[in-house]
Amino acid sequence: MAASPELALRSLELVARDKACEYPGTACHGEACPLARGFYDRLPAARAAAMQVPLLDKAQVRELALAHQVCPYYLAQELARWVDVLVADYNYYFDQNALLYGLAQTDQWRVAVAVDEAHNLVERARQMYSASLDQFHLQALRRDPPAGLGSALQGLNREWNRLYKDQVAPYQAGEQLPAAFIKALLRVVGLVQELMNRTPQAVDPALLQFFFQALQFVRLSEVFDQHFLFDISVRGAGRKRLATLCLRNVVPAPLVGPRMGAARSVTLFSATLNPRHFYADLLGMPADTAWLEVQSPFVAEQLQVRIVSQVSTRYQHRQASLAPIVELIAGQYREQPGNYLAFFSSFDYLQQVSGLLAERHPGIVQWAQSSGMDEAQRQGFLERFVENGQGVGFAVLGGAFAEGVDLPGTRLIGAFIATLGLPQVNPVNEQLKQRMGALFSSGFDYTYLYPGVRKVIQAAGRVIRGTEDRGMVMLIDDRFAEARIRRMFPTWWAPQDN
Ligand code: SF4
């Protein structure tokens, strides 16, 4: 379709409150924030000015908001009704209380939803439809309860303790919701709501936070079914034992599917929606969904995909894998010096390989991701990938540098991926596996294999960013040689055994 710049489309970017707020840490009401005070008096002029701007991105909205002394975050929310194209995070349409879904319903919008990087929607939707409550927060509230809440908080704590008094294991999952606990929680939610109406200043941030978490818990309890787990994680000992409760969404399909059904059309974009049945099952896509695989702009000659099946990266083989991986990296680097990324399943594994590489091949420049890097540190890591540079950046698979990172040309000429990317085996994932097995008869594949291999493909995707790029990916693990795993690779790859 030809571009039509003459069409007067208006677009708006919606950003999260903490990214748009001009007075972080301030309460959003007129008594505390100057941009909330008199908001509605100044809104018409701000809106009229915004209507003269076709592209309302974050910077434009901020400029307009400050010129009219209104809050940029709430101005953008108001403008949502006045534009044709909205660019926003998934949660604005798919979350339980989503603004855009709500507007589409009440104002009967005919919406076309385009979901970019749609493979991420499974995990994001699970988060949107899960809730957790930590008893530690309840204890803090009980120490100094607001008037009228003391006995309700006491009652809630009693029911909370009952849930795990006989629990021996630190983690336990169940299929039933405890009715008495939900009732006690509802009572607290109702009383806080009354308090907020009566004396809003009596509701401090800690109570407010607990209230919102409890509200989410209560709401999800209404849709709780076999697509959720109810789990209890206990910590501490004796009288100091505390429990965190979680309503954990496993399969978001019954909640995401109707959202898709309510739109006039939904288009999911991704380079890694494979296997299709996995995404269709988890996202509740209708049976007549049309699938279109667009031919890749890249060709096999651009990317050497080498499978190293003599090495196992399984946990029990880690030690034995360190030296061979170091020699693979050093050998490739010697043969073709340049910038490489090396991905591992954990920081621990990463550090062991990086340490041994430094010891055996001190001439190879290297830098490594560390846990909890802030924005500036992440930027610093990426800036080391200069054009025609030489060095190896160590990173964890599934982390900040494994997806959405663009290092074209000689900024990155290859990647080593020493893991199959399988999520960690832990009690929560084992529960997910069991439930997925019961629902789809492929518990392991749905919980571990498909999400793992997807991460590998995403990481490998960092190497070729344009039709002129050339590069190499080394997939290090014997399981990469299995036919069922190769079937999940992009069709334009031509993997070779090393
Ligand atoms: S009203 Fe806006 S600027 Fe003021 S505290 Fe809230 S989000 Fe921040």
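Quick notes on the rules
- Residues numbered from 1 in each chain as written.
- Predicted model: local features only at pLDDT ≥ 70, side-chain atom pairs only at ≥ 80, totals over all residues.
- Heavy atoms only, no water.
- Domains from an automatic or database assignment.
- Contact = heavy atoms within 4.5 Å.
- Buried area = accessible area lost by both parts, 1.4 Å probe.
- Salt bridge = Lys/Arg side-chain N within 4 Å of Asp/Glu carboxyl O.
- Helix = DSSP H or I, 4+ residues; strand = E, 2+ residues; numbered from the N terminus.
- Buried < 20%, exposed > 50% of the residue type's maximum accessible area, 1.4 Å probe, protein only.
- Pairing = 2+ DSSP bridges.
- Expected span 1.5 Å × (residues − 1).
- Arc of directions from axis to C-beta.

### A short note on the domain arrangement of the chain
Link 1 in the chain: Each assigned domain of the chain is listed here: domain 1 (1–87), domain 2 (89–118 + 252–294), domain 3 (131–249) and domain 4 (300–497).
Link 2 in the chain: The straight-line distance from the C-alpha centre of domain 3 to that of domain 4 is 40 Å.
Link 3 in the chain: At the interface, ten residues of domain 3 touch six residues of domain 4.
Link 4 in the chain: For the pairing of domain 3 and domain 4, the buried interface totals around 670 Å² over both sides, and the portion due to carbon and sulfur atoms is 68%.
Link 5 in the chain: Ranking the residues of domain 3 by area buried against domain 4 places Tyr171, Gln226 and Leu229 at the top, with a combined share of 61%.
Link 6 in the chain: Our enumeration of links across domain 3 and domain 4 arrives at zero salt bridges.
Link 7 in the chain: Looking at the side of domain 3 that touches domain 4, the elements that each hand over two or more residues are strand 6 (171–174) and strand 7 (228–235).
Link 8 in the chain: Tallying contributions element by element places strand 6 first for the side of domain 3 that touches domain 4, with three residues.

### Considering the pairing of strand 8 (residues 242–249)
Link 1 in the chain: For strand 8, the tally of buried residues reaches seven of eight residues, placing the bulk of the element in the interior.
Link 2 in the chain: Taken together, the eight bridges between strand 7 and strand 8 define a ladder with antiparallel strand orientation. Residue pairing for strand 8: Phe228 is matched across the bridge by Asn249.

### Digging into helix 15 (residues 347–360)
Link 1 in the chain: Taking 1.5 Å of rise per residue, 14 residues should cover 20 Å, and helix 15 covers 20 Å from first to last C-alpha, within 8% of that figure.
Link 2 in the chain: Every buried residue of helix 15 is accounted for by Tyr349, Leu350, Val353, Ser354, Leu356 and Leu357. Angular distribution of buried residues about the axis of helix 15 spans 165°; they occupy a single face of the element.
Link 3 in the chain: Where the residues of helix 15 are buried, they touch helix 14 (318–335), strand 11 (339–344), strand 12 (366–368) and strand 13 (391–396).

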